[in-house]
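Close look at the chain arrangement
The residues making up each chain are set out below.
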Amino acid sequence: MNHESNPGLHHLLCSNVVPNTCEAAFFQLRIDDITSQISQLRSRLSELEDQLQLHRAVLSPVRRTPVEILGQIFAHFLPDILQASARDNLVEIQLVCKSWRDAARLTHKLWSALYFEDLTSVAYKKIRQWFDRAGSIPKHLAYSAVSHDACTDQSVACGSLQSSAIATLLVSLEGTLDHLSLKYKGPKCLQNLLDSLGAAEGGPTPQLRRPWYPLKSITLEFNEQWIESPNPLQSMFHHLPPNITSFELRLPSKWSNAFEDGEDSSTAPLPLPQNLLERLSSFTLRCNWDGTQWLEAALGHCVNVETLTMDFMGSYWSYDEYHPHTERLLSSGLLLPKVRTLRLKNVFAASIDILSALKAPQLVELDIDFDCDIEDNYEFSQPLLSFVKRSECDTTFRSFHLRHTPIRTEELSATLRGLPFLTHLTLEDVTTDTTAGLIDAFEALEDGPQRYLPNLEALNLLQLQPDFYFRTLLNFLESHRPYRMENGKPVFTNPHNTFKQLTVTYQTTTKTNQELGRSEVQSAKLVWFNQQSGRYPEVVEVLRKWGGVSVNIGPILYAD
């Protein structure tokens, strides 16, 4: 029905005339009819939209995402070592759909590392099944007992249930694990585990501790107690697995309950057996003890270590430089004959002179990570360059990574001047005493015809301040790849230069401290761009297009 079937009523649609009773009844019927049609069309539209969504899903890129990529997404989302909540998340991921389940099962990394704080109620068979899904990649079991009472000589049974549980688990995982991490309050707890391992195999003799022996990598952490005999034959370290080649030892802090006073750590015994140290190829030591006794005990026999990591926990290293033993150590240095990679982590500024006690003639890579809360008035170049000279490693030393430190300009430039053989240089979150950041340091490297860092292949400037003045860096780069423009194309005066890679990233900042108005922000950006422009686009284009250099310059990121 429509108004054309009753043209006499058409005038009511085009005017404000009040309808009579019959006319009102007619229009009510018309309204009901239109409403019914709309309802039917809406229902049909909803059905079509549902069908459209289903059909689009068939062609969705997500559906065509390879399971390998899905697996990598899951691995990025989940932690490297799965605690209880993360394990639940992995189980829930597999319940979404079959493709997600397949992706999770095919990503062996997801199943390779487990963390526990209580093993007394764990089904060992399920842990074995979990690790079986990791395929052939290395498997890592981490256990922390710090939430349990500490073990003492007066309470030998303390923690025996946990020790027995992990011993039984190691028996069930025999030949499966590649790395074991244990975190205890003190050494006595580890001794309980050693005793339980003997009992689990039916006897105390070393030959019967098979589940412990195949391990090649182990991490031990003690955070509250340190009661050890100075005799290595009576030490727990004497009973560590005989096939270990990678060892990480985290000792209690000198400010912990392990010592009445921080200075007591200087005489604390560290009875690491010589045969243990001699077979290591990778050694990580976290220690902030005072003195040099621990240093020689830990590194004195590392004749095969190739990767050495020392974590100073952000503490000051105190020692008596006039003690005869210390004088001898600092004058000659501990020989690390095969160390190729040396990492110093959480270094307190004044403790950089630890390098004075070391000698690494085969050094290739040096990575120094300072503690963030440090002063910038410390000497850096002298200890570092003296270490390099004493080690005589200029023919091998190629990569230097400096992280998280304020440093005086002259110290940084002097350091770089003294390392002409470097091929890879990374400065991460490094600031100088000038407001312009690293400008003066790089300007100091532009000294007439002399070209510093002549062998540089890769330069990484990471976490720069947003106001870093780029032109100085470009001038430095041009000194390595000098060119002149002819007919719109560059002509390199030294086409065989080794420089191949530049990476620049910036720290996250606020929009001009959120204090400038929009026009002021735009003005500030324009000034900054004008400073960078001119040669900036040209040099970057030349390096990328004609110079064979990979140039990656990250954007300035703003936080709310």
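Residues numbered from 1 in each chain as written. Predicted model: local features only at pLDDT ≥ 70, side-chain atom pairs only at ≥ 80, totals over all residues. Heavy atoms only, no water.

Time to look at the UniProt feature "coiled-coil region" (unreviewed entry) in the protein. The UniProt record marks residues 31-58 with the feature "coiled-coil region" (unreviewed entry), using the residue numbering of this structure. End C-alpha to end C-alpha, residues 31-58 measures 41 Å, and it is 100% helix and 0% strand. (UniProt positions renumbered as here; feature names shortened; annotations may be inferred. Helix = DSSP H or I, 4+ residues; strand = E, 2+ residues; numbered from the N terminus.)

Another aspect to go through is helix α6 (residues 124-132). Those residues of α6 that sit buried are Ile127, Trp130 and Phe131. Considered in projection along α6, the buried side chains sweep an arc of 95° and stay on one side of the axis. Facing away from the buried surface of α6 by more than 90 degrees, the exposed residues are Lys125 and Lys126. (Buried < 20%, exposed > 50% of the residue type's maximum accessible area, 1.4 Å probe, protein only. Arc of directions from axis to C-beta.)

Looking now at a negative patch on the surface. On the surface, Glu260, Asp261, Glu263 and Asp264 cluster together into a negatively charged patch. One can find Glu260 in the loop between β5 (246-250) and α9 (274-278). With a relative accessible area of 83%, Glu260 lands in the exposed category. (Patch = residues over 30% accessible without salt bridge, like charges linked within 9 Å, V, L, I, M, F, W, Y side chains within 5 Å. Areas by Shrake-Rupley, 256 points an atom, 1.4 Å probe, with all protein chains shown as cover. Salt bridge = Lys/Arg side-chain N within 4 Å of Asp/Glu carboxyl O. Lys, Arg positive; Asp, Glu negative; His and termini not counted. Charge placed at Lys NZ, Arg CZ, Asp CG, Glu CD.)

Our focus in this paragraph is unusual backbone geometry. Of note, the phi angle at His404 is positive, near 50°, even though the residue is not glycine. When you line up the elements, His404 lands in strand β12 (residues 399-407). With phi around 55°, Asn487 is a residue other than glycine that occupies positive phi space. With respect to the helices, strands and loops of the structure, Asn487 is situated in the loop between β17 (483-486) and β18 (489-492). Overall, the relative accessible area of 83% leaves Asn487 in the exposed class.

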